[in-house]
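# Coordinate inspection notes
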Amino acid sequence: MAILLTPAALPAFPQPSLSIGSGNTTGSYYVFSSAIAKIFNRRCAEYGVRLTTVSSQGAVANVESVLEGKTAFGIAQADVLRDAALGTGRWAGKSQPGLRAVLGLPVEAVTVVAAVDAGISRMSDLRGKRVNIGAEGSFDHDYAVSLLRLSGLHPSDVIISAHPAALASELLQSNHIDAYIYTVAHPNLAVMEASTGRRKVLLVPLDTSLIAQVTAENPLLLPAVVPSTFYPGLERAGVVPTIGIRSILFTRSDMAEETVYRLVREIMTSFDLFRRQHPVLQVLSSREAADAAVIPLHPGAGRFFRQAGIVP
């Protein structure tokens, strides 16, 4: 008891840290950020700085946090970063030219999870149903509204719920909603939670015509699939067609070049170990990791990728 109650000696000069804005603790961004920090921090004593993961409300909040200097790095979807850099969408008239890409991350898939007893098997079946689309201000919320409209549904055609995506599976299983729309990489803990509950669920496929239309209009959006093998508790097996968007680790232009260079070098020279941190990372290739040019590449990242021969 004496040992337990004795305060631990604190170092005279605690090691400084740089934070990464991620997302909710059940989402892809938290996985990405934690894996990046784990690999880098193996040499944090040598570098004199460590990386820490900070949960957040997601991509939009991460951009604002990095711009305000509250976090050193952030993770966001490619089109969110494009809008911020160009001053379009949410940043209309307020371009942010100081954002820099560091590392490309896996594609997130637009995922529609629905209760079987609600009779939902396609997007049009969401009419009149209780649908969670994520918290207002989040990328999930904005994109879900767009997806409903592209599917021929006005938001008023469904009973909208705007809870954070991390709560959606619990809401579905407790019969407070009939479906939810979540943009996330797979496998995902929240979707797994929904698929193993007492209330049976399925993943709703997007029509091929809708996928073709959306990806033709926006080159940052990609055809994607969700393999149901990740979720053996689903009612319907097979590959679920949908659309996806790549995620990117980013920072500000004034972040020290050597810091970014070391971060990228640690990840890329231990790339197999990095990918083994979580199944969601195993689909990422070294070429995709270097493909983050929707905004300018940070000089530290560019220096490593050129030295490694991954980019010209």
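Up top is the structure.
What comes next is a walk through the structure.

What counts as what
Residues numbered from 1 in each chain as written. Predicted model: local features only at pLDDT ≥ 70, side-chain atom pairs only at ≥ 80, totals over all residues. Heavy atoms only, no water. Helix = DSSP H or I, 4+ residues; strand = E, 2+ residues; numbered from the N terminus. Rg over C-alpha atoms; globule rule 2.2 N^0.38 Å. Buried < 20%, exposed > 50% of the residue type's maximum accessible area, 1.4 Å probe, protein only. Axes fitted to C-alpha atoms, helices over the stretch in contact; angles between N-to-C directions. Parallel < 35°, antiparallel > 145°, perpendicular 65-115°, else oblique. Left-handed = near helix turned anticlockwise from the far one by under 90°. Contact = heavy atoms within 4.5 Å. Nonpolar A, V, L, I, M, F, W, Y, C, P; charged D, E, K, R; others polar. Salt bridge = Lys/Arg side-chain N within 4 Å of Asp/Glu carboxyl O. Core = buried A, V, L, I, M, F, W, Y, C linked by side-chain atoms within 4.5 Å.

## Observations concerning the overall build of the protein
A tally of helices and strands in the protein yields 13 helices and 10 strands. Relative to the globule expectation of 20 Å for 312 residues, the C-alpha radius of gyration of the protein, 20 Å, shows essentially globular dimensions. Dimensions of the protein, computed from the C-alpha atoms along their principal axes, are close to 60 × 60 × 35 Å. Expressed as a percentage of its 312 residues, the buried residues of the protein come to 51%.

## Notes on the packing of helix α6 (residues 139-150) against helix α9 (residues 208-217)
Closest axis-to-axis distance for the α6/α9 pair is 11 Å, and the angle between their directions is 125 degrees. In this view, α6 runs oblique relative to α9, as classed from their interaxial angle. The two elements α6 and α9 cross, and the hand of that crossing is right-handed. For the pair α6 and α9, the contacting residues are Tyr143, Leu147 and Leu150 in the first and Leu210, Gln213 and Val214 in the second. Of the residues contributing to the contact of α6 with α9, the split by class is 5 nonpolar, 1 polar and no charged.

## Section: the pattern of salt bridges
Summed over all chains, the structure comprises 16 salt bridges. The closest approach of N and O atoms between Arg82 and Asp83, which form a salt bridge, is 3.5 Å. Counted as one network, the salt bridges with shared partners bring together Asp117, Arg130, Asp178 and Arg199.

## Let's talk about the nonpolar core
One broad trend across soluble globular proteins is that nonpolar side chains are buried collectively. Core analysis: the largest hydrophobic core is formed by 101 residues, its most contacted members being Phe73, Leu103, Leu249, Leu263, Val264, Met268 and Phe274. When residues in this core are grouped by element, the largest group, 11 residues, is from strand β4 (residues 99-115). Setting aside chain neighbours within four positions, we find Val264 in contact with Val102, Leu103, Ala301, Phe304 and Phe305.

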